[in-house]
Amino acid sequence: MLDAETAHHFSFSTIRLLSKLGFSSLFKKMYSVEDKRLEREVFGIKFKNPVGLAAGFDKDAKLYNEFSDFGFGFIEIGTLTPKRQDGNPRPRLFRLLDDEGIINRMGFNNGGVFDAVERLKKKHKVIVGGNIGKNKLTPNKDAVKDYLICFDALFEHVDYFVVNVSSPNTPGLRELQDKKPLTEILNKLKRESAKIAKKTNSQEKPILLKIAPDLTNDQLLDIISIVDDTKIDGVIATNTTLSRKGLKSHLTLSEEKGGLSGKPLTKRSTEVIRFLAEKSNKTFPIIGVGGIHTAEDALEKLEAGADLVQLYTGFVYEGPGLIKQINKAILEKE
């Protein structure tokens, strides 16, 4: 009955209210699967289960503890930028019901990294990842400065980092996936991690790269080379796609600009995971995301080479019961 973005904010308000009224324990009872066999240690972090919430859902770190009550093993907040930005004009979020997909052109709308840090100071009940990007008005030649600002601000407050250079909704951002600028950004973040860890007598934070599903095989081979050269900790495959191939939804809707997620992405994201895993001889961890709407979709990505999986559009369409279904299916496979 509501447009997609209004429904999203309504859902947030409802979850926040129900949690304040003490429904957290009920949510846990309904949706959480507690079993040691689900635990996974990936890039030095122990996850209670391998099913996470992808970035973009809790952009501003407003409900990460509340979402953990639905059984997620980790929550990725962001994408956060140094300065607050409103993103693209509404409408900018569209449900493709016939395809069980979503098109978004949000444009990194967020309250800014420092605003999110204030909320991240409260105790975490769950592993939290920080997804970072650049402001729209920051030229690509200065992009690394934006990533460093976000990295420094979040270092004490998140468990791992994700470098987002693959959103299609910030003009020119995907150009940063090219080998030279990407290598520069990742090398500088790795050096910054080592510097902060030494200064604070703490551990370095894992750094992952989120990539687009639209990369060619040659570009994916470049990604493998970049991961090896920069010694970052892993890859998230994949972000949303610009492709509109095979959509059943009404032409006007399917031609909306933005990134497409959900079922139309299921096959391609799995292909990318399998390619990366096979061509790299599984030398780095992969988080699989894109079109997971059933437990079978998640198992397929894990079998293709993913170490962990994340939900976004599948969580919207299927609800929190999907997390429980996936975790139970993994246990049945054990």
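Structure: see above.
Let me begin by describing the structure that accompanies this report. Just so you know, these numbers come straight off a predicted model, no measurement behind them.

1. Digging into the overall build of the protein
Moving on, step 1. Along the protein, the regular secondary structure elements total twelve helices and 13 strands.
Moving on, step 2. Its C-alpha radius of gyration of 18 Å places the protein within 12% of the 20 Å reference for a compact globule of 334 residues.
Moving on, step 3. On the principal axes, the C-alpha backbone points of the protein span a range of 50 × 45 × 40 Å.
Moving on, step 4. The buried share of the protein, reckoned over its 334 residues, is 59%.
Moving on, step 5. In the protein, the share of contacts with a sequence separation of at least 24, taken over all contacts with a separation of at least 6, comes to 73%.
Moving on, step 6. In the form shown here, the protein has an accessible surface area of approximately 15000 Å², with 51% of it arising from carbon and sulfur atoms.
Moving on, step 7. Each charge class in the protein can be summarised by its mean position, and for the 52 positive and 45 negative side chains these summaries are 3 Å apart.

2. Considerations on the sheet that holds strand S13 (residues 308-311)
Moving on, step 1. Read once around its circumference, the closed barrel built from eight strands follows the order S3-S4-S7-S8-S9-S10-S12-S13, with strand pairing classed as parallel. Sheet twist, expressed as the average angle between the axes of neighbouring strands with direction ignored, equals 25°.
Moving on, step 2. In this sheet, S13 lies alongside strand S12 (residues 286-289) in parallel orientation, the contact comprising three bridges. Bridging from a neighbouring strand, Gly288 pairs with Val309 of S13.
Moving on, step 3. In this fold helix H9 (residues 266-279) packs onto strand S9 (207-211), strand S10 (234-237) and S12, with an angle of close to 165° to the strand it touches most, S12.

3. What about helix H12 (residues 321-333)?
Moving on, step 1. Between the first and last C-alpha of H12 there are 19 Å, a value that for 13 residues agrees with the 18 Å anticipated at 1.5 Å per step.
Moving on, step 2. Those residues of H12 that sit buried are Leu322, Ile323, Ile326, Asn327, Ala329, Ile330 and Leu331.
Moving on, step 3. Among the structural elements, strand S1 (40-42), strand S3 (51-53), helix H10 (295-304), S13 and helix H11 (313-318) are those in contact with the buried residues of H12.

4. Some words on the environment of Thr266
Moving on, step 1. Following the sequence through the fold, Thr266 ends up in helix H9.
Moving on, step 2. Given a relative accessible area of 11%, Thr266 falls into the buried group.
Moving on, step 3. In this structure, the C-alpha to C-alpha distance between Thr266 and Lys28, residues 238 residues apart in sequence, is 28 Å.
Moving on, step 4. Not counting residues up to four positions away in its chain, the partners in contact with Thr266 are Gly290, Gly291, Asp297 and Lys301.
Moving on, step 5. A distance of 3.0 Å separates a polar atom in the side chain of Thr266 from the backbone oxygen of Lys263.

Thresholds, definitions, all that
Residues numbered from 1 in each chain as written. Predicted model: local features only at pLDDT ≥ 70, side-chain atom pairs only at ≥ 80, totals over all residues. Heavy atoms only, no water. Helix = DSSP H or I, 4+ residues; strand = E, 2+ residues; numbered from the N terminus. Rg over C-alpha atoms; globule rule 2.2 N^0.38 Å. Buried < 20%, exposed > 50% of the residue type's maximum accessible area, 1.4 Å probe, protein only. Contact = heavy atoms within 4.5 Å. Areas by Shrake-Rupley, 256 points an atom, 1.4 Å probe, with all protein chains shown as cover. Lys, Arg positive; Asp, Glu negative; His and termini not counted. Charge placed at Lys NZ, Arg CZ, Asp CG, Glu CD. Pairing = 2+ DSSP bridges. Axes fitted to C-alpha atoms, helices over the stretch in contact; angles between N-to-C directions. Expected span 1.5 Å × (residues − 1). Polar contact = N/O pair within 3.5 Å; in protein donor to acceptor, adjacent residues only side chain to side chain.

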